[in-house]
Every structure is written in structure tokens, then in C-alpha cells.
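These are the residues of each chain, in order.
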Amino acid sequence: MSTSIEQGNRTVGHTDNSIVIDADLDHVWRMTNDLTAWPDLFTEYSEVEVLAQSGSMFRFRLKMRPDESGRVWSWVSERTLDEARHEVVARRLEPGPFEFMNIRWTYTHQGTSTLMRWVQDFRMRPEAPLDTEAMTDRIDANTKIQMAVIRDKVEAAAGKPRREESETDLEPAT
């Protein structure tokens, strides 16, 4: 689900997406929070460099695969993991075309499966190539793609049978 919210006279982009992964929560947590494995887990990332770690806080540089014009986007983010609550809070420190970008990942037991949810709030800079509304639509669509790819890879690593192309467990956000 994506929405653009008016904050004062400025639009804030908001996406809220979830997917059910047929794997134990601890397995999903470990795989999706192993930053060094993100280039193998996500289709869009080519490199992750951990710059600093302090307890459960990680500062890292993330590089995208080249876009359609050949440009490689890169930025520094910070992630803080709360394993007891199965929650991750992240923000871009080098926001690039964003004024800000905040992401909250949550993981919930759902029987023997795990519900993984990403909530993203952001605003584009006025000079960015896309406005906040257009970026909201782009992030929402791409999140659904990345979540499905991650689900398939995490389930495969957990020894689950491969899904059919048409099978999706994307959950409507609440």
C-alpha cells in the first residue's frame, strides 16, 4: 500500500508492505539482516560495505546495480536491530535525492511462517528527478518485487519447495 500524506504543505511518501515467508522467524531474521549477503538477497544491490558497528547498530554504504542509464546510486544508511522485539529501524544518513528516508522492518510469527513488514516514510528534494508521489508509487511497486524475491530465496535456504510463479503471499497492510 502506498500513500502520500500532506505534512504542513509538504507531501510525505509512505509505503506499507508485508509478505508471508514460509520459514521460521529466526531463519528469516538472520538471512534478511545479514548485510553482507544483501547483494545476493536483493536484485537491486551490487555491494554493501559495513563502515561501523556498535552493538546492534550498523552504519553501511549500499551501492545499487547500474540503472537504465548506467548510473550507480550509492548512499550511507544506519540500521539498528532490536532482536528481542524483531524490529529494525533504519534511516539514510546520505539521503541523496531524498530529504529523508526512514524504514521500519518488523517480523511476526504467523504459525510456522513469518510475516515480514516494511514501512517506509520519505520526502523527495524539490530538485530530485521524481516528486514524492511518483517515488511513492515506484518504491511501493519495487518493494513488492524485492519482497517476493527475498521470500523465495529465504524459503529455498530453509529447504521449502519452490513456489509457482503466480503464487504470492503479499499481505495487504493494515
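Residues numbered from 1 in each chain as written. Predicted model: local features only at pLDDT ≥ 70, side-chain atom pairs only at ≥ 80, totals over all residues. Heavy atoms only, no water.

**Some points on the nonpolar core**
- One finds W38, F42, W105, Y107 and M116 to be the most contacted residues of the largest nonpolar core, which totals 26 residues.
- It is strand β4 (residues 57–64) that provides the largest number of residues to this core, a total of 4 residues.
- Ignoring anything within four residues of it in the chain, the contact list for Y107 reads L25, V28, W29, T32, N33, H86, V88, T114, L115 and M116. (Core = buried A, V, L, I, M, F, W, Y, C linked by side-chain atoms within 4.5 Å. Buried < 20%, exposed > 50% of the residue type's maximum accessible area, 1.4 Å probe, protein only. Helix = DSSP H or I, 4+ residues; strand = E, 2+ residues; numbered from the N terminus. Contact = heavy atoms within 4.5 Å.)

**Quick look at the packing of aromatic side chains**
- Counted under the stated rule, the structure contains 10 aromatic pairs.
- Between W105 and Y107, the ring centres sit 6.4 Å apart and the planes meet at 40°, which makes this aromatic pair tilted. Here W105 and Y107 have matching classes, each one buried.
- Chaining the aromatic ring pairs together yields one cluster made of W29, W38, F42, Y45, F60, W105, Y107 and W118.
- The residue whose ring lies beneath R79 is W105, and the NZ or CZ to ring-centre distance is 4.4 Å.
- The aromatic ring of W75 is capped on one face by R92, whose charged end is 3.6 Å from the ring centroid. (Phe/Tyr/Trp six-rings, centres within 6.5 Å; stacked < 30°, edge-to-face > 60°. Lys NZ or Arg CZ within 6 Å of the ring centre and 35° of its normal.)

**Description of the pattern of salt bridges**
- Under the counting rule described, the total for this entry stands at 12 salt bridges.
- Between D16 and R117 there is a salt bridge, and its shortest N-O distance comes to 2.5 Å. Placement of the pair is D16 in strand β2 (residues 10–21) and R117 in strand β8 (residues 113–124), with a sequence separation of 101 residues.
- The class for R117 is partly exposed, based on a relative accessible area of 26%.
- In this structure, the salt-bridge partner of E87 is R104, at a minimum N-O distance of 2.8 Å. Here the residue E87 occupies a position in strand β6 (residues 87–92), and R104 occupies one in strand β7 (residues 98–110), the gap between them amounting to 17 residues.
- Salt bridges here are not isolated pairs; linked through shared partners, they connect D82, R85, E87 and R104. (Salt bridge = Lys/Arg side-chain N within 4 Å of Asp/Glu carboxyl O.)

**Some thoughts on the pairing of β7**
- Bridge count for β6 against β7 is 5 bridges, and the pairing is antiparallel. The residue of β7 that forms the bridge with V89 is R104.
- The antiparallel pairing of β6 with β7 creates a hairpin that spans 5 residues between the two strands, and G96 there sits at a positive phi of about 60°.
- Two strands pair when backbone bridges link them, and β7 and β8 are joined in this way by 12 bridges, in the antiparallel orientation. Within β8, the position partnered with H109 by the bridge is T114.
- As consecutive antiparallel partners, β7 and β8 are separated by 2 residues, and within that stretch G111 has a phi angle of approximately 70°, a positive value. (Pairing = 2+ DSSP bridges.)

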